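Spelled out from the first residue to the last, the chains are:
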Amino acid sequence: MLRLNQMKVHTKYIAGLIVVIFFVLCPLFLNSERSYFIYFLYTTFIYITIAQGWNLIAGYTGQVSLGQHAFFGLGAYITAITWRAGLTGYFDPLAFLLSGTGALLLAAIVGVVLLSKLRDDYFSLGTLGIGEILRVAALNGGSFTEGAAGISLNSTAYKSMNHYYYTALFIMLFTLVVIVLLIRSRVGLALIAIREDETAASANGIPVLRYKILAFSIGAFVTGLCGSLNAYYIFHVHPPGVLSLNWVVIPVLMCILGGAGTFMGPILGAFVLSIAFELTSIWMPEIHPIFSGAFIVLVTLFMPSGIMYYITNHKSMIMRRLRLTVFKWMNQKA
Amino acid sequence: MENHLLELRSVDVSYGDAQAVGNFSFYIDKGKIITLVGANGAGKSTILNAISKIIPTSSGEIFFSGMSTAGLKPEDIVKLGICQVPEGRHLFTKLTVLENLELGAYPVHTRPFMKDSIEKAFTLFPILKERINQSSGTLSGGEQQMLAIARALMARPKLLMLDEPSLGLAPKVVSLLFKTIKKLNNDGVTILLVEQNVHQAMEIADYAYVLQTGTCKMDGHCHDLLKNSDFKNTILGIRE
Amino acid sequence: MSYFPSLAVFFQIIINGTFLGTMYGVAAIGLSLIFGCMQVLFIAQGTMMILAAYSVFWLVYFMSIDPLISILIIIPVFLVLGWIMYKGMFQRVSQAGPSSTLLLAFGLMVFMESMMLFIWSPNIRSVKTSYSTSAFQIGDITISVSRLIVTVVAGIATCLVYLFLKKTMTGKAIRGVSEDRVTGMLLGINPNRVSAITFAIGIAMAGVAGVATCLIYPFDPYFGFLFSLKALIAIAFGGLGSVGGALLGGIILGILESLSSYTISPGWADAIAYAAFILVLIFRPQGLLGKAADKV
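The structure presented is a predicted model; accordingly, all values stated were derived computationally and were not measured.

1. Some remarks on the overall build of chain C
- Secondary structure summary: chain C contains eleven helices and two strands in total.
- Relative to the globule expectation of 19 Å for 296 residues, the C-alpha radius of gyration of chain C, 19 Å, shows essentially globular dimensions.
- With respect to the principal axes defined by its C-alpha atoms, chain C has extents near 60 × 50 × 35 Å.
- Out of the 296 residues in chain C, the part that is buried amounts to 55%.

Dropping the structure here:
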C-alpha cells in the first residue's frame with residue numbers, strides 16, 4: 001500500500017518535471033517573438049503566480065484579500081521609478097528585489113493594521129480600499145508618478161521575448177516551490193488551522209496574527225515580482241494598467257474556478273480561464289467579455305467548489321470514462 | 001397501526017461519516033410528557049432536529065398522527081403542529097418581544113388567532129407583557145426562555161419539543177419553568193422534553209428514554225426507572 | 001479655489017453632497033438587505049443600477065415615457081428580475097459558501113456590463129427631460145429641480161422599504177431570518193422564499209437608484225462597479241443590516257466626497273472616501289451610527 005502511494009507521488013513529480021521541461025524547451029521550437037503560444041504561456045505564468053499568492057492568504061488561511069492589485073501596481077511603480085531615476089536598469093535583479101520587498105512591506109504594514117482588527121468580509125473590503133487608495137494616489141502623485149498618463153519607460157531597451165518568458169517561468173516556479181514547502185511545513189498546518197477555526201488555533205498556541213501576516217506578505221512579494229516584470233514588458237506604468245482591478249479579479253477567479261485552498265487548483269484554473277478568454281477573443285472578439293461573464297456564471301452554478309473539488313469527487317467516474325475512451329480508440333485502431 | 005401522536009421507527013442520522021443516532025425508535029402518545037435524557041453528545045438534539053427536518057435522516061421513518069413526514073420541509077412540520085424550542089433559545093435578539101411572538105404565528109393558518117395567542121402568552125408569562133417593546137436581546141436568561149416557549153406556542157402546536165430549557169438558568173427559575181411546562185401539558189399540549197437535568201425532567205415526565213452515544217440504552221416509566229439500579233448507576237451515577 | 005468656503009458655498013456643498021449621497025444610499029439599502037439576509041456580497045448592484053438607467057434611456061428614447069413614470073415600469077420588472085436571479089442562481093449556489101456567491105455576482109456583473117457595452121456602446125449617455133436644467137434659488141443656494149425630485153423619490157422608496165420591514169409579517173420574517181436562518185425554519189418560515197423576496201426588493205432598489213442616477217448624471221456601462229463600491233462604503237458607514245443606516249451612510253459619503261473635492265481636489269475625493277472607509281471598518285465596524293444600526 002505504502003509503495004503504491006509512493007509510486008503515485010513519484011509519478012506526480014515526474015509528470016511535473018516533464019511539464020516544466022516542456023515549458024523550458026518551448027522557446028527553442030517556436031519563434032518566441034512571433035509565437036502567440038509563448039505570449040499565452042507568459043501571461044498564464046504571471047496569472048498563476050498571482051493566483052497562488054492569493055491562494056496562500058485566501059485559500060489556505062481563509063482571509064479573502066481583494067487588494068492584490070495594490071501589490072502588483074506597487075511592484076510596477078517601484079521598478080519604473082527606480083529605473084527612471086537611474087538607480088536600477090533594464091531587467092535589474094535589484095529592481096525585482098526592491099519591487100517584491102516593497103510589496104511585502106506594504107502587505108506587512110497593511111496586515112498589522114487590517115488583519116489584527118478586521119475579519120471575513122470586513123478584511124476583504126479593507127484590502128479593496130487599500131488598492132483603490134493606491135490607485136488614486138498614483139493618479140495624483142504629480143511628477144513622481146506622472147498622474148494618469150503614467151511613466152513611460154525606455155522601450156528601446158527591449159531585447160527579446162525569451163527574457164520575459166523565462167523570468168515569468170522562473171518566478172512561477174519559485175512561487176510554486178515556496179508554496180509547496182510552506183504548505184508541507186508546520187506553517188502550512190497552522191494556516192489551515194486558522195482558516196478552519198481561528199479561536200481554536202489561537203487557543204492551541206498558534207500566533208494567528210503573525211502567521212496571517214506571513215501568508216499575506218509572501219503572497220504580496222510574488223505579486224510584486226509580477227508587477228515588476230509587467231513594467232518591463234509594457235514599458236508604460238499607468239494606473240488603469242497596473243492598478244486595474246483585473247489584477248486581483250482574474251487571479252481570484254482562476255483560483256476559485258480551479259479550487260481555492262488546493263495546490264493544483266489555481267494552476268488548473270489559470271489555464272482553463274486563459275484558454276477560454278483567448279479562444280473567445282480570437283473567434284468572437286466583439287462578444288468576448290459577454291462570454292467570459294457567462295462562463296463564470298455557469299461555472300459557479302454547476303461547479304461551485306471548483307474544478308479540483310469536482311475532479312477529486314468524481315475521480316473514479318472520470319477515470320472510468322477516460323479508460324473507456326482510450327479502450328474504444330485502441331479498438332478502432334486495431 | 002396504532003395512532004401515536006409521533007412515532008420514530010429505526011431512525012438513523014449521520015453527520016458525514018459519523019453516525020449521531022442509530023436505529024432509534026420511540027413514540028409519544030397524545031397528552032403525555034416524554035423526556036429524552038442522556039449525556040452531552042448522546043444525540044438528543046439531533047433527534048429533535050431530525051423530527052423538525054432541519055437535518056435529514058439517512059434511514060428510518062417518522063410518523064406524525066399516523067402520517068409519514070418523509071419529504072416534508074421544516075416549515076411543513078410546523079404547519080402540522082410540531083414546534084421546537086431550540087437549545088440556547090435562539091431568539092431574534094434585534095426584534096422586540098412582540099415581534100418575536102408575532103413571528104411565532106407565521107404559518108398562515110395560525111395568523112387569525114394571533115391576538116388571542118399573544119394574550120394567552122402574556123397570561124402564561126406576565127413578565128413578557130412588561131417587556132413587550134424591548135428588544136429581546138436585552139431580556140434576562142429566564143425571560144428569554146419564557147419568550148422562546150411563548151413564541152413556539154404561538155403556532156398552536158400539538159407537540160412541543162423543548163431542547164434543554166433549563167440550560168444556564170438559576171435553580172429557582174428552573175423549577176418555575178418546569179411547573180409551567182407541566183401546566184402547558186395539563187392544558188393539552190403534548191411535550192417532548194430533552195434535558196440534562198435528569199431529576200427534574202423525570203419528575204414531570206411520564207415516560208423516559210435514555211440515550212447513550214446515539215442509541216436507546218433503556219426506556220421506561222419514570223417512577224420505574226428511578227427505582228432501577230442500572231439506571232441509577234449509568235445515568236445518575238455518572239452525573240453525581 | 002478657496003480652502004475655506006463661505007457659509008452659502010458650504011451649504012451648497014452639503015446639499016449637493018446630500019443629493020449625491022441619496023443615490024448611494026438607495027443602492028446601499030438593496031445591497032445591505034441582500035447581505036443581511038443571505039450573506040451575499042452582491043457586487044453587481046451598481047451594474048443593475050446602470051441597467052435600469054439604460055432601460056430608462058430607451059423608454060425615453062423610443063416611447064417618450066417620462067423617467068419618473070418609468071419608475072412604475074422599472075420597479076415591477078426589477079422585482080421579478082431579482083426574484084428570478086435568486087431562484088435560478090443564488091439559491092443553488094448559496095450552499096457552496098460566500099466566495100462562490102461573490103464569484104457568481106462578479107460573473108453577472110461582467111456579463112451584464114459587456115452586454116450593455118454591446119447593446120449601448122461605451123459612449124456616455126444621459127437622459128434629458130424638460131426639467132433637466134431647471135433650478136430655483138433659496139438665498140445664495142441653487143437647488144436643481146431634478147435633483148430634488150430624485151431625492152424625494154429616493155426618500156419615498158426608503159420609507160416604503162422601512163415600513164415593509166417593520167410592519168408586515170414578511171418584513172419581520174426577513175429581519176428574523178437575517179439574524180437566524182435555522183430558527184426561522186423552526187417557526188415555519190421558508191427561508192428561501194424570504195430570501196427571494198429580499199433579493200427582489202434589493203434589485204428593485206437598484207432599479208430606483210438607477211432611475212434616480214440617470215436623471216442627474218451621465219453614465220456608461222463601467223459606472224456600475226464604481227457605484228457598487230460606493231454602496232459598500234455607504235453600508236460600512238451606516239452599519240450592516242440597517243435601512244436607515246444605509247441611507248444615512250450614503251449621505252455621509254456623498255457629503256464627504258463633495259466637501260473633499262471642494263477643499264482638497266476632486267482627484268483625491270475617492271481616496272479620502274476609501275481611507276475613511278478603512279478607518280470606519282477598523283474603529284467602528286458596527287458603523288458610524290453605532291447603536292442606531294441595531295434597529296431596522
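Next comes the rest of the description.
2. Points about the interface of chain A and chain C
- Opposite the 32 residues of chain A that make contact, chain C presents 30 residues.
- The element best represented in the side of chain A that touches chain C is helix α5 (residues 120-139) of chain A, accounting for ten residues.
- Split into classes, the residues belonging to the side of chain A that touches chain C amount to 21 nonpolar, seven polar and four charged.

3. Some words on unusual backbone geometry
- If you check the backbone angles, Thr213 of chain B has positive phi at about 35° while not being a glycine.
- Overall, the presence of 14 C-beta atoms within 10 Å leaves Thr213 of chain B in the partly exposed class.
- At Ser121 of chain C, a position not held by glycine, the phi torsion is positive, near 65°.
- Among the structural elements, Ser121 of chain C can be located in the loop between α4 (98-120) and β1 (135-138).
- A count of 11 C-beta atoms within 10 Å places Ser121 of chain C in the exposed class.

4. Observations concerning the packing of helix α1 (residues 7-38) of chain C against helix α5 (residues 145-167) of chain C
Residues and elements named next belong to chain C.
- The geometry of α1 relative to α5 is characterised by a closest axis approach of 10 Å and an angle of 30° between their N-to-C directions. Looking at the two axes, α1 sits roughly parallel to α5. Viewed along their axes, α1 and α5 form a crossing whose handedness is left-handed. Facing α1, whose interface residues are Phe19, Thr22, Val26 and Ile29, α5 presents Arg147, Thr151, Ala154, Ala157, Thr158 and Val161.
- Per-class residue counts for the contact of α1 with α5 are six nonpolar, three polar and one charged.

5. Here we look at the nonpolar core
All names here are of chain C.
- Within the largest apolar cluster, 266 residues are counted, with the highest numbers of intra-cluster contacts made by Ala27, Ala105, Met205 and Val208.
- For this core, the element with the highest residue contribution is helix α8 (residues 191-216), accounting for 16 residues.
- Ignoring any residue separated from it by four or fewer positions in sequence, one finds Ala27 in contact with Gln45, Gly46, Met49, Met205, Ala206, Ala209, Phe227 and Ala231.

6. Observations regarding the interface of chain B and chain C
- With 20 residues of chain B at the contact, the number on the chain C side is 16 residues.
- Counting residues per element, the ones that place at least two in the side of chain B that touches chain C are α2 (74-80) and α3 (97-104) of chain B.
- When the residues that make up the side of chain B that touches chain C are grouped by side-chain class, the tally is ten nonpolar, five polar and five charged.

7. As for the pairing of strand β2 (residues 141-144) of chain C
Residue and element names in this part refer to chain C.
- Pairing of β1 with β2 involves four bridges; the strand directions are antiparallel. The residue of β2 that forms the bridge with Ile138 is Ile141.
- Hairpin connection between β1 and β2: a loop of two residues separates the two successive antiparallel strands, and Gly139 in this loop has a positive phi of roughly 60°.

8. Notes on the sheet that holds strand β4 (residues 59-64) of chain B
Residues and elements named next belong to chain B.
- Taken in spatial order, the four strands of this open sheet run β2-β1-β4-β5, and their pairing is antiparallel. Edge positions in the sheet fall to β2 (18-28) and β5 (67-68), since each has one partner strand and no second.
- Pairing analysis gives two bridges linking β4 to β5, with the strands arranged antiparallel. The residue of β5 that forms the bridge with Phe63 is Ser68.
- On the sheet, helix α1 (residues 44-51) packs against β1 (6-15), β2 and β4 and is oriented at approximately 70° with respect to β2.

9. Observations regarding the packing of helix α2 (residues 36-60) of chain A against helix α9 (residues 208-234) of chain A
Residues and elements named next belong to chain A.
- The interhelical angle for the contact between α2 and α9, taken along N-to-C directions, is 165°, at an axis separation of 8 Å. The orientation of α2 relative to α9 falls into the category roughly antiparallel. In this structure, the crossing between α2 and α9 has a hand that is left-handed. In this structure, α2 uses Ile46, Thr49, Ile50, Gly53, Trp54, Leu56, Ile57 and Tyr60 to contact α9, whose residues at the interface are Ala215, Phe216, Ile218, Gly219, Ala220, Val222, Thr223, Cys226 and Leu229.
- Taken together, the residues of the contact of α2 with α9 sort by class into 13 nonpolar, four polar and no charged.

10. Regarding the sheet that holds strand β6 (residues 82-85) of chain B
Residues and elements named next belong to chain B.
- Sheet architecture is open: six strands sit in the order β6-β7-β8-β3-β9-β10, paired in mixed fashion. Of all the strands in the sheet, just β6 and β10 (215-221) have a single pairing partner and so form its edges. On average, adjacent strands in this sheet sit at an angle of 15° to one another, irrespective of strand direction.
- Packing of helix α6 (residues 141-153) onto the sheet brings it into contact with β6 and β7 (159-163), and relative to β6 it is tilted by some 170°.

11. Quick look at the arrangement of the chains
- Ranking the two pairs of chains in contact by number of contacts places chains A and C first.
- For the non-touching pair chain A and chain B, the nearest C-alpha separation works out to 14 Å.

12. What about the pairing of β4 of chain B?
- In this sheet, β4 of chain B lies alongside β1 of chain B in antiparallel orientation, the contact comprising five bridges. Residue Arg9 of chain B lies in a different strand from β4 of chain B, and its bridge partner there is Glu61 of chain B.

The rules behind the values
- Residues numbered from 1 in each chain as written.
- Chains lettered and ligands numbered in written order.
- Predicted model: local features only at pLDDT ≥ 70, side-chain atom pairs only at ≥ 80, totals over all residues.
- Helix = DSSP H or I, 4+ residues; strand = E, 2+ residues; numbered from the N terminus.
- Rg over C-alpha atoms; globule rule 2.2 N^0.38 Å.
- Buried ≥ 20, exposed ≤ 12 C-beta atoms within 10 Å, placed from the backbone.
- Contact = placed C-beta atoms within 7 Å.
- Nonpolar A, V, L, I, M, F, W, Y, C, P; charged D, E, K, R; others polar.
- Axes fitted to C-alpha atoms, helices over the stretch in contact; angles between N-to-C directions.
- Parallel < 35°, antiparallel > 145°, perpendicular 65-115°, else oblique.
- Left-handed = near helix turned anticlockwise from the far one by under 90°.
- Core = buried A, V, L, I, M, F, W, Y, C linked by C-beta atoms within 7 Å.
- Pairing = 2+ DSSP bridges.

Geometric descriptors of this kind do not, in isolation, establish any biological role.
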